[in-house]
Amino acid sequence: MAGLLGTEIALADRLPRHYLPLAFRLEPDPMTGKHKDMIVLNDKPWNIETPAHLLDDPVTPAEKMFIRNNGLIPDSIDAAGWTLTINGESVNAPKTYTLNDLKKRFKTYTYQLVLECAGNGRANYSPQTAGNQWGEGAVSCAEWTGVRLKDILADVGLKNDAVYIGYFGKDLHVSKDPTKPVISRGVPIQKAMEDETLIAWAMNGKDIPVTHGFPLRLVVGGWPASVSGKWLHTLSVRNKVHDGAKMTGKSYKVPVNPVEPGVDPPEDQFKIIESMPVKSVITFPKTGALIDPDKPLTLRGQAWAGDRAVKQMFVSYDFGATWLPCTLKAPRNRLAWQQWSTEVKLPRKGYYEIWARAVDDAGVSQPMVMPQWNPEGYCNNACHRIAVKGV
Ligand SMILES: Nc1nc2c(c(=O)[nH]1)N[C@H]1C(S)=C(S)[C@@H](COP(=O)(O)O)O[C@H]1N2
Ligand SMILES: [Mo]
């Protein structure tokens, strides 16, 4: 590979298997290849962001899907021998299913589901917080196929005291120490039992790409994507809030009482993030576009609202002084994002910012400026803004 590129590949020994360096991506690799314009935030573990203009497709293709790994992709994946075990305090007796059992014994469903990293938008918090500095693109809405978790849980049989589920995946800690857990999160049993909560083996009609959890993944739309466990091998049904890695401490939590920017309260004053807030992204045009002010300017993008639906969408080209309503499509199914579009006419030549603002079905709007700062930098749903020039 180094010969082809005409230079040594720095850190070549750390590239995950199946992973092509960006310079080689003339054609995306069918398993894990990403579009050449993807932004690499970190390569150990891989954290790759999608620039806003690549989120234009109604269904996010694999090559444009952000990657958030807390550890290392499993070294060897035995798909043929893969099993899912359901255990925990609140099951009558643990039960193990092969992939084939899951495919044959339960009804299959397909849903388009928004997966947004809780840290999406972190880069725009001030003061800056630690962690990957995601801009707007740690979000996707692919089509997932699998079985309903609630159907599996009904087959296993639960005790009355079930309150939470927790997932376990096969990825490795960055230290490669197999005894160190990477991430093991979960959701309350009510969310786990929703129709759209899937145990999925396919994404966009194909095997799930290795980077996104092949061969089996828990997929929970609308909540921090960290609850959608990749390389899933075990689900525990718990009689208390799941206490796996990154459920404790301050991970994926925000202060109960709002704090002034920069203030970090003690652990016991934090609560777990549940539904993600209303948000939208402008996917066309790309920021920096040169516009003919004599022609109508088409604007479009995606909007989503966690467990809720988006009810209204507005754009502004005068810094929020006036807002123009957009056309907004219905979601394909609950927990899918919604396409919005409109045409505006810039009044004259010059520099403009286009701001986009979604309002959910409870009447809650995206804020125009930085929302409630929090020490881990989660849930920044401020309006997305792009800059264009009328020339
Ligand atoms: N097993 C496992 N599951 C995981 C993670 C992980 O590191 N390991 N990362 C989580 C986080 S924080 C996010 S945001 C999503 C990212 O999903 P994606 O990489 O498929 O886009 O996966 C979640 N599931
Ligand atoms: Mo995440």
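Residues numbered from 1 in each chain as written. Chains lettered and ligands numbered in written order. Predicted model: local features only at pLDDT ≥ 70, side-chain atom pairs only at ≥ 80, totals over all residues. Heavy atoms only, no water.

J.: Describe the sheet that holds strand E21 (residues 338-344), with residues and values.
T.: Within the open sheet, the four strands sit side by side as E15-E17-E21-E20. Their pairing is antiparallel. Strand pairing shows two members of the sheet lacking a second neighbour, strand E15 (279-284) and strand E20 (327-328), which therefore form its edges. (Pairing = 2+ DSSP bridges. Helix = DSSP H or I, 4+ residues; strand = E, 2+ residues; numbered from the N terminus.)

J.: For helix H3 (residues 149-156), give the residues involved together with the corresponding values.
T.: When H3 is considered as a whole, its buried residues turn out to be Leu 149, Ile 152, Leu 153 and Val 156. In a view along the axis of H3, the buried residues occupy a sector of 100°, so they form one face of it. Where H3 ends, the next residue or the one after it, Gly 157, has phi of about 90°, a positive value. (Buried < 20%, exposed > 50% of the residue type's maximum accessible area, 1.4 Å probe, protein only. Arc of directions from axis to C-beta.)

J.: Describe the pattern of salt bridges, listing the residues and the values that go with them.
T.: By the definition in use, this model includes 21 salt bridges. Between Lys 150 and Asp 195 there is a salt bridge; the shortest N-O distance is 2.6 Å. One end of the pair, Lys 150, is in helix H3; the other, Asp 195, is in the loop between helix H4 (189-192) and strand E9 (198-203), and 45 residues separate them in sequence. Judged by relative accessible area, which is 29%, Asp 195 ranks as partly exposed. With a shortest N-O distance of 2.8 Å, Arg 308 and Asp 360 are connected by a salt bridge. One end of the pair, Arg 308, is in the loop between strand E17 (297-304) and strand E18 (310-316); the other, Asp 360, is in strand E22 (residues 350-360), and 52 residues separate them in sequence. With relative accessibility at 3%, the residue Asp 360 sits in the buried group. Through salt bridges with shared partners, a single ionic network connects Lys 191, Glu 194, Glu 196, Asp 307 and Arg 334. (Salt bridge = Lys/Arg side-chain N within 4 Å of Asp/Glu carboxyl O.)

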